[in-house]
Amino acid sequence: MTNRKRPKVYITRKLPDAVETRMCELFETELNVDDKPRSQPELVAAVKSAEVLVPTVTDRIDAALIEQAGPQLKLIASFSNGYDHIDVDAAAKKGITVTNTPNVLTEDTADMTMALILAVPRRLVEGARILMDQPGEWSGWSPTWMLGRRIWGKRIGIIGMGRIGTAVARRAKAFGLSIHYHNRKRVNPTTEDDLEATYWDSLDQMLARVDIVSVNCPSTPATFHLLSARRLALMQPTSYIVNTARGDIIDEDALILCLRDGSIAGAGLDVFENEPAVNPKLVKLANQGKVVLLPHTGSATIEGRIDMGDKVIINIRTYFDGHRPPNRVLPSRT
């Protein structure tokens, strides 16, 4: 890239300082110093002037926006593992390459998933809140106070046994959980044997037989409301559900009803169906100790964010050096 003009890069949100510094060294970069979400008019202006758009999962890069892109926009280098916020097919029709930042958030997201698996049955947030907000409520240890559920010896059903799902399984096994999973296809036999995992071709049958459900599949049209009212009704009243994937995989209204009537014991959610809005009914249930809510922080580590930024930079540099970016996302028809 030393022999050509530096590409004009537009970043939609504030990134870690180390990433922004490097990008400013390499590219003609427009930063978002205040970290305020870009408005639709701002995004339209960006795609009309920038050669590279660097969005995040909070930006909707749909067909209508892409259609307004100028001929100079060559690359959408998303600062994200998922790319459901981008219409990849529409980008391909305009001759725009799309890239993402895969394989850097696996361990961080798996850690947070395991944290929720522990927090919900053991009532960790509920207990912490009592000490912080109602210290007078605690009079000392009691044999029957704040009883939760043991996870050792229970069955976990993992929906989506990709890298994150497998990482969750390894952690869960170490905590004494029996591993069950549902996936489009069975994992490598060596991995299955190592995890002593049971494969379920039928999601319905697995849901009815496990104590904890962990959602780790991507958001696609096929997985929208995968956990519907009908499927949630299959779960046991003593079971728990944890979601660190995408909010729209679960029918949130149906989940709320299940938590209200006790047909599911509890839930841990790091993602929501209408982010950044959180359903007030979920907040009420959280105050009642029936659900643990986190603000989409499953991948929020300094190391993870810097690794993501490094991948964005590599994708941009590789593209403008005339090569295929290593993390190119292909349109669905190819």
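Rules used throughout
- Every chain begins its residue count from 1, and numbering advances along the sequence as written.
- Local features in this predicted model are restricted to residues of pLDDT 70 or higher, and side-chain atom pairs are both shown and tallied only at a pLDDT of 80 or more, whereas totals for entire chains, interfaces and linings draw on every residue.
- Only heavy atoms go into the side-chain values, all of them from the structure, while hydrogens and water stay out.
- UniProt positions are given in the numbering used here, feature names are shortened, and annotations may be inferred rather than shown by experiment.
- Secondary structure elements are taken from DSSP: a helix is a run of H or I of four residues or more, a strand is a run of E of two residues or more, and numbering for both begins at the N terminus.
- For a compact globule the rule gives 2.2 Å times the number of residues to the power 0.38, and the radius of gyration it is set against comes from C-alpha atoms.
- We call a residue buried when its accessible area falls under 20% of the maximum for its residue type, exposed when it is over 50%, and partly exposed in between, using a 1.4 Å probe and counting protein chains only.
- Throughout, a residue-residue contact means that at least one pair of heavy atoms, one from each residue, lies within 4.5 Å.
- Here the Shrake-Rupley method, with its probe set to 1.4 Å, supplies the accessible areas, and only the displayed protein chains count as covering residues.
- Charge counting follows a simple rule: Lys and Arg are positive, Asp and Glu are negative, and His as well as the terminal groups are ignored.
- Taken as the charge location is NZ of Lys, CZ of Arg, CG of Asp or CD of Glu.
- Whether a set of points on the 1 Å grid over the protein atoms alone is a cavity depends on a 1.4 Å probe fitting there but being unable to get out, while an open set qualifies as a pocket with protein on both sides within 12 Å along at least five of seven lines; lining residues are those with an atom within 4 Å of a point.
- Grid points are joined across faces, edges and corners, and a volume is the space filled by probe spheres set on the points.
- Residue polarity follows a fixed list, in which Ala, Val, Leu, Ile, Met, Phe, Trp, Tyr, Cys and Pro are nonpolar, Asp, Glu, Lys and Arg are charged, and the others, Gly among them, are polar.
- For this analysis, a ring pair means two rings from Phe, Tyr or Trp (six-membered ring only for Trp) whose centres lie within 6.5 Å, classed as stacked if their planes differ by under 30 degrees, edge-to-face if by over 60, and tilted for the remaining angles.
- The criterion is simple. A nonpolar core is a set of buried Ala, Val, Leu, Ile, Met, Phe, Trp, Tyr and Cys residues joined through side-chain atoms within 4.5 Å.
- The patches reported here contain residues having more than 30% relative accessible area and no salt bridge. Joining distances are 9 Å for like charges and 5 Å for nonpolar side chains (Val, Leu, Ile, Met, Phe, Trp, Tyr).
- In what follows, salt bridge is the name for a side-chain nitrogen of Lys or Arg lying within 4 Å of a carboxyl oxygen of Asp or Glu.
- When DSSP finds two or more bridges between two strands, those strands count as paired.
- With axes taken as lines fitted to C-alpha atoms, and helix axes fitted only over the stretch in contact, angles between N-to-C directions fall between 0 and 180 degrees.

The protein goes by D-glycerate dehydrogenase in an unreviewed UniProt entry, where it is assigned to Ciceribacter naphthalenivorans. Regarding the protein, the UniProt comment filed under Sequence similarities (unreviewed entry) reads as follows: "Belongs to the D-isomer specific 2-hydroxyacid dehydrogenase family."

J.: How should I be thinking about the overall build of the protein in this particular structure?
T.: Along the protein, the regular secondary structure elements total 13 helices and 12 strands. Taken over the C-alpha trace, the protein has a radius of gyration of 22 Å; the compact-globule value for 334 residues is 20 Å, and the two agree within 12%. Referenced to the eigenvectors of the C-alpha coordinate spread, the extents of the protein come out at roughly 70 × 50 × 30 Å. Taken across its 334 residues, the protein has 49% of its residues classed as buried. Long-range pairs, those at least 24 residues apart, make up 62% of the contacts in the protein between residues at least 6 apart in sequence. A total of about 16,600 Å² of accessible surface is found on the protein, and carbon and sulfur atoms cover 52% of it. Within the protein, one finds 42 positive and 40 negative side-chain charges whose respective centroids are separated by 3 Å.

J.: Explain empty space enclosed by the protein to me, please; I cannot follow it from the model alone.
T.: Picture a little ball the size of a water molecule; that probe, rolled over the atoms, points out where space is still empty. Per the counting criterion, the structure on display carries one cavity of 30 Å³ or more. Computed from the structure, the largest cavity encloses a volume of approximately 40 Å³. Taken together, Asn243, Gly247, Ile250, Glu252, Leu255, Leu269, Val271 and Phe272 make up the lining of the largest cavity. Class assignment of the residues belonging to the lining of the largest cavity gives a composition of five nonpolar, two polar and one charged.

J.: Looking at this model, I keep getting lost on the packing of aromatic side chains. Mind explaining?
T.: Given two aromatic rings, one states the distance between the centres and the angle between the planes to describe the pair. Within this structure, the stated rule accounts for two aromatic pairs. With a centroid separation of 5.2 Å and an interplanar angle of 50 degrees, the aromatic rings of Tyr181 and Tyr199 are classed as tilted. Taken together, the residues span a long stretch of sequence, with Tyr181 in strand S7 (residues 178-182) and Tyr199 in strand S8 (residues 198-199) at a distance of 18 residues. By relative accessible area, Tyr181 is classed as buried at 0%. Arranged with centres 5.0 Å apart and planes meeting at 75 degrees, the rings of Tyr319 and Phe320 form a pair that is edge-to-face.

J.: Mind showing me how you'd approach the nonpolar core here?
T.: The nonpolar side chains of a soluble globular protein tend to be buried with one another. Counting 30 residues, the largest nonpolar core has Ile159, Val215, Leu227, Leu232, Ile241, Ile250 and Leu255 as the members making the most contacts within it. Contributions of two or more residues to this core are made by helix H9 (203-207), strand S9 (212-215), helix H11 (252-261), strand S11 (266-269) and helix H12 (280-287). Broken down by element, this core gets its largest block of residues, five residues, from H11. Not counting residues up to four positions away in its chain, the partners in contact with Leu227 are Ile159, Leu207, Val215, Leu232, Ile241, Ile249, Ile250 and Asp251. Ile158, Met161, Tyr181 and Val242 belong to the second largest nonpolar core, which has 24 residues in total.

J.: Explain a nonpolar patch on the surface here, please?
T.: Taken together, the side chains of Leu131, Trp138 and Trp145 define a hydrophobic patch exposed on the protein surface, amounting to about 320 Å² of accessible area. Mapped onto the fold, Leu131 is located in helix H6 (residues 124-133).

J.: In this structure, what is going on with the sheet that holds strand S2 (residues 28-30)? I would like to understand it.
T.: The pairing of strands in a sheet comes from backbone hydrogen bonds and takes either a parallel or an antiparallel form. With respect to topology, five strands assemble into an open sheet ordered S2-S1-S3-S4-S5, the strand pairing being parallel. The strands lining the two open edges of the sheet, one partner per strand, are S2 and strand S5 (97-99). Here the strands of the sheet are splayed against their neighbours by 20 degrees on average, with no regard to which way each runs. Inspection of the sheet shows strand S1 (residues 8-11) paired to strand S3 (residues 52-54) by three bridges, in the parallel sense. Bridge pairing in S3 links Tyr10 to Leu53. Where helix H13 (residues 302-320) meets the sheet, its contacts fall on S1, S3, strand S4 (75-77) and S5, and the angle it forms with S4 comes to roughly 160 degrees.

J.: Teacher, can you tell me more about the sheet that holds strand S6 (residues 155-159) here?
T.: Read across the sheet, seven strands follow the order S8-S7-S6-S9-S10-S11-S12 without closing on themselves; strand pairing throughout is parallel. In this open sheet, the two strands that pair with only one neighbour each are S8 and strand S12 (291-293).

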